[in-house]
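# Topology and contacts: notes
Residues per chain, in single letters:
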Amino acid sequence: MAQVTLRKVSKSYDQHVQAVKGIDLDIADEEFVVLVGPSGCGKTTTLRMIAGLEEITGGEITIAGEVVNDIPPRDRDIAMVFQNYALYPHMTVFDNMAFGLKLRKFAKDEIRRRVDEAARILDIGELLARKPKALSGGQRQRVAMGRAIVRHPKVFLFDEPLSNLDAKLRVQMRTEIKKVHQTVRTTTVYVTHDQVEAMTLADRVVVMNRGVIEQVGPPQELYHSPATRFVAGFIGSPAMNFIPCRIQGRGNELALRLADNLSFPLPPERTQRYGAYTDREMLLGLRPEHLTELKDQARPNMVRLDSRLDVTEPMGMEILVHFRINGTAVCGRVDPSVRAIAGETLPMSADLNHMHLIDPETDRVL
């Protein structure tokens, strides 16, 4: 069993720079966990501390129940795949994949068996005699993965392995990495700044920001039930819209006011949850797919919103429309058959069944 546990782990480079601020994280055996966040959030530093490439300032890291704070990287039984592949240019693919096993004095038959098995999993069997200069970027990344797989480590660590690939190849390699994990059920920690990679690969996503963990959960949970404004805005593309609003009383009901001449009845099932925030400046969070062309108004909590379009972006399967609500820039998604023209008014609807109310003082989603 290869659980990875972090308890109050911190990393400071000096008294003014604290890269990681006392985080707690439990990664289950065979789980694929992705650390995601913007540059400088602490995700790569966290990965390097697990690997032993960075000393921790405080806290405790355990792998398979063993505290590894003072254990050097070579003795932690982990395998790391880097962004730059780090292949030996003078060696063949076979020798690159076998190099670590040779250093550990494995028998030649066992080395051949492990390399052949990894090559079969990664579909690079016909490349074993080539040298890295004769490989494409995607093939080199597969070799780097193969070098890790032959080790049979307790934990795989991936440090932004797809960053150097073009967009089409990144999509292909995402699929390959997921297939490999389904075949080689090894605990995996993967770092990326790309939230699409995080959503498509992970069993659970760890969203980091400024050295702390904002939220941990399955991809769909983070998408539909974000805990903070940061998570709500970081997960999803295009990003969630944040529109200033105010909750106001209207008889026995509550209304959501976006402007002096624009207000909607609040969904009745949310009245109790939001009632304590009446007459306070708040933020309405709505994803672009919940701002669409005018649809059946008989659906509960669908409200009309006529908008003068500033910009339209035809995307093939959809059109992204950009407009303003009381001065705030907003993005919606409409069907490609809709006549959406910049400068003209488009009847739209907002689906308040999927609204989020955010307290701007705490940035928490209520």
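Throughout what follows, the structure given in this document is the object of discussion. Everything numeric in this text was worked out from a predicted model, so none of it was measured.

Once that is clear, we can look at the overall build of the protein chain. In terms of regular secondary structure, the protein chain is built from 9 helices and 21 strands. Based on the C-alpha atoms only, the size of the protein chain along its principal axes is roughly 80 × 45 × 35 Å. In the protein chain, buried positions account for 51% of the 366 residues. Of all intrachain contacts in the protein chain linking residues separated by at least 6 positions in sequence, the fraction that spans at least 24 positions is 67%. If you sum the accessible surface of the protein chain, you get close to 17,400 Å²; carbon and sulfur atoms cover 48% of it. Computed over 48 positive and 47 negative side-chain charges, the inter-centroid distance for the protein chain is 5 Å.

In this model helix α4 (residues 137-149) runs 18 Å from its N-terminal to its C-terminal C-alpha over 13 residues, within 8% of the 18 Å that 1.5 Å per residue would give. Within α4, 10 of the 13 residues are buried, which leaves it mostly tucked inside the rest of the structure. Three or more residues of α4 are buried, namely Gly138, Gln141, Arg142, Val143, Ala144, Met145, Gly146, Arg147, Ala148 and Ile149.

The subject of this paragraph is the state of the cysteines. In this structure the tally under the stated criterion is 0 disulfides. For cysteine 245, which is in no disulfide, the shortest distance to another cysteine sulfur is to cysteine 331 and amounts to 19 Å.

Counting through the fold element by element, arginine 142 comes out in helix α4. The exposure class assigned to arginine 142 is buried, which follows from its relative accessible area of 10%. Those residues in contact with arginine 142 that sit more than four places away from it in its chain are Leu122, Asp123, Ile124, Gln172, Met173 and Glu176.

Owing to its 3.6 residues per turn, the α-helix brings residues three or four apart onto one side. Within helix α1 (residues 43-51), 7 of the 9 residues are buried, which leaves it mostly tucked inside the rest of the structure. Burial in α1 covers these residues: Lys43, Thr45, Thr46, Leu47, Met49, Ile50 and Ala51. Count one or two residues on from α1 and you reach glycine 52, which has phi positive near 90°.

Basis of the calculations
- Residues numbered from 1 in each chain as written.
- Predicted model: local features only at pLDDT ≥ 70, side-chain atom pairs only at ≥ 80, totals over all residues.
- Heavy atoms only, no water.
- Helix = DSSP H or I, 4+ residues; strand = E, 2+ residues; numbered from the N terminus.
- Buried < 20%, exposed > 50% of the residue type's maximum accessible area, 1.4 Å probe, protein only.
- Contact = heavy atoms within 4.5 Å.
- Areas by Shrake-Rupley, 256 points an atom, 1.4 Å probe, with all protein chains shown as cover.
- Lys, Arg positive; Asp, Glu negative; His and termini not counted.
- Charge placed at Lys NZ, Arg CZ, Asp CG, Glu CD.
- Expected span 1.5 Å × (residues − 1).
- Disulfide = S-S within 2.5 Å.

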